[in-house]
Every structure is written in C-alpha cells, then in structure tokens.
Amino acid sequence: MKMEGNTILITGGASGIGLAFAERFLEAGNDVIICGRREDKLQAAKQKYPALHTRVCDVSKPADREALYTYVTSEFPELNVLVNNAGIQQRVDVLCATRDWNDYSQEIAANLEGPIHLTLLFVPHLRSRESAAVVNVSSGLAITPAAWAPIYSATKAGLHAFSMTLRLQLADTNVEVIEILPPAVNTDLGGIGLHTFGAPLDVFADGVFDGLRSGKSEIGFGGTQERLQFTKSEVNEAMRSMWLNFLHNNPEFRKDV
Ligand SMILES: NC(=O)c1ccc[n+]([C@@H]2O[C@H](COP(=O)([O-])OP(=O)(O)OC[C@H]3O[C@@H](n4cnc5c(N)ncnc54)[C@H](OP(=O)(O)O)[C@@H]3O)[C@@H](O)[C@H]2O)c1
C-alpha cells in the first residue's frame, strides 16, 4: 500500500499495536482516526498525538459499527484505509466454561464479526477511492491455535480465512487486502501483565511497517509468516508444545478441575 497521503481508520487504536501503527502512520504523513470503547484511553492518545481524530465505538456491537461507518464517511470522505485491529483475548478452560454465553460470544463479536461487518460496510466506499486497503490484524494463532484461548484462536483463524477470500474477490479492484499476523507482542492484550514474554511493541511495529513498505499482503514477524507453510503435523506439534508450555507456566489454569 502507499505509505503516505492516506486517511486511515484504526479500530482499537488507542493502545498497544493499534496505537503503535497510528504513531507510524501519522509520522509518515497520513490522517488517522482511531476508535475504541474507552474515552479516557482515546483522550490520552490524542493528548500525546494531537493530530489524531478519535471516536468512541464498541466494534462488538452492530449499531456502533454502523454509527462509526456513518460518522467516518461523512466527516472523512477521503478515507481510503480500514485497519481492523481491535480485539480481545480470553483464556477459556472448556472443562469449566460456566460463565454466561455473552462473556464468550463477545470475543467472537469483537474479533470476527466486527472486522467482517466493518469491511462489508466500508468496501463500497473504499471502491470509490483511487487506491484503498483493508488491513486485518489476525494472529500467528490463526495458524497454530492456542489451546488455552480456543475462542480467540477460532476468531483469528476465521479472520485469516476472511482475509484470503476478500483478497481474491477484490483482486482486480483498487482495494488491496493485507493481513498482519503478530506473534506474542508485549501489550495489554488479555489483561495487564499477561503479554510480557513477547516481542517489544516498537520492534514489532517497525517490522510490520517494513513489510507494508515492501508491498507484502501477508505480514508476519518472528516466524509467524513462516507458519503459513507448516504441514499439518508441524501445526499439531507446535500446538502441543505451546499447550504443554502454557500449562507448565500457568498451573492455576486447571487447578479447579
Ligand atoms: N499482543 C499480542 O501478543 C497479539 C498477538 C497476536 C495478535 N494480536 C492482535 O492485535 C490486535 C491488537 O491487540 P493488542 O495486543 O494491541 O492489545 P491491546 O493493547 O489490549 O489493544 C486492543 C485495543 O482494542 C480495543 N478494543 C478491544 N475491544 C474493542 C471493542 N469491542 N471495540 C473497540 N475497540 C476495542 C482496546 O480499547 P478499549 O478497551 O478501550 O476498547 C484496545 O485499544 C488484536 O486484534 C489482537 O488480537 C495481538
């Protein structure tokens, strides 16, 4: 995708990976709109980067997605890039998944329904721009699912499949489809202090921007792109060793069973 002169909407742009992308897009000469659920986080981001535009939106809610689409296309008709970044991650032990279904389904609504619905809403608008892109932030876990985060892994595999189908359907159009597959990156994903074992955020974001500049349509980091070539037995082996490693490091996960 072209790296400057865009108008870009980043969902979940007030923290973590979304904010790191927002900083870099601003610096490269783009207009950037970020959204998220927490007004205070959006305001803190705006205080740091006054050029940012902010909007409260919960992408897990269909009405919020529609309101976001209406707001952005009327206030920023030059919008030409949608970055579906917002996401949550929950650890779920299927042996004691007794919480209300809404607690589980919100992960599907935020991570999968949100990006699909926003894409369907925005594609006709993106088609009207000279050059445009949909950028989906999935995960390395789309390829090698994490057994401790079964719903999350399913949503990311779904987003990976959706990105592939979208790319093929839009192949002969002005809309590029880019998927970013992060490895573990040190952010607040899943709760503060849970993602401290991953890649430093700035190093990861710089690596992704190298990938964007070089025109890649699937951008990994630290080996996640290579996972796309894994055989079935390599996927199974990676999953198994990740699961055993997780249980070793998180004995409380199964303590009540
Ligand atoms: N960090 C990793 O290790 C890692 C690895 C692979 C993939 N990813 C993916 O990268 C993306 C960004 O995650 P992150 O690591 O940067 O985590 P993060 O620091 O927790 O950031 C997630 C952002 O999404 C927003 N968000 C969450 N639910 C939302 C909703 N329903 N509506 C609108 N905004 C919402 C959050 O803001 P509010 O809470 O204010 O809404 C927050 O700003 C996610 O899709 C995640 O799955 C991360």
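All values derive from a computational prediction rather than experimental measurement. (Residues numbered from 1 in each chain as written. Predicted model: local features only at pLDDT ≥ 70, side-chain atom pairs only at ≥ 80, totals over all residues. Heavy atoms only, no water.)

A. View of the packing of helix α3 (residues 62-75) against helix α4 (residues 101-127). At their nearest, the axes of α3 and α4 sit 10 Å apart, and the two run at 35 degrees to each other. Here the hand of the crossing between α3 and α4 comes out right-handed. Residues Pro62, Arg65, Glu66, Leu68, Tyr69, Val72 and Thr73 of α3 form the contact with α4, whose own contacting residues are Ala109, Glu113, Gly114, His117, Leu118, Leu121, Phe122 and His125. Looking at the contact of α3 with α4 residue by residue, the class counts come to eight nonpolar, four polar and three charged. (Axes fitted to C-alpha atoms, helices over the stretch in contact; angles between N-to-C directions. Helix = DSSP H or I, 4+ residues; strand = E, 2+ residues; numbered from the N terminus. Left-handed = near helix turned anticlockwise from the far one by under 90°. Contact = heavy atoms within 4.5 Å. Nonpolar A, V, L, I, M, F, W, Y, C, P; charged D, E, K, R; others polar.)

B. Main features of the site of the ligand. In the neighbourhood of the ligand, 29 residues make up the surrounding shell, with Arg37, Arg38, Asn85, Tyr152 and Thr187 lying closest. Within the backbone of Val185, one N or O atom sits 2.7 Å away from an oxygen atom of the ligand. In this structure, an oxygen atom belonging to the ligand sits 2.6 Å away from a side-chain N or O atom of Thr187. Coverage of the ligand by the protein chains reaches 96% of its 870 Å² of free accessible surface. Of all the elements in the fold, those that place two or more residues in the shell around the ligand are α1 (16-27) and α5 (150-169). (Near = heavy atom within 4 Å. Polar contact = N/O pair within 3.5 Å; in protein donor to acceptor, adjacent residues only side chain to side chain. Areas by Shrake-Rupley, 256 points an atom, 1.4 Å probe, with all protein chains shown as cover.)

C. Quick look at the pattern of salt bridges. Counting across every chain of the model gives nine salt bridges. Note that Arg167 is salt-bridged to Glu218, the shortest N-O span being 3.8 Å. One end of the pair, Arg167, is in helix α5; the other, Glu218, is in strand β7 (residues 218-220), with 51 residues separating them in the sequence. For Arg167, a relative accessible area of 21% puts it in the partly exposed group. Residues joined in a network through salt bridges with shared partners are Glu23, Arg24, Asp202 and Asp206. (Salt bridge = Lys/Arg side-chain N within 4 Å of Asp/Glu carboxyl O. Buried < 20%, exposed > 50% of the residue type's maximum accessible area, 1.4 Å probe, protein only.)

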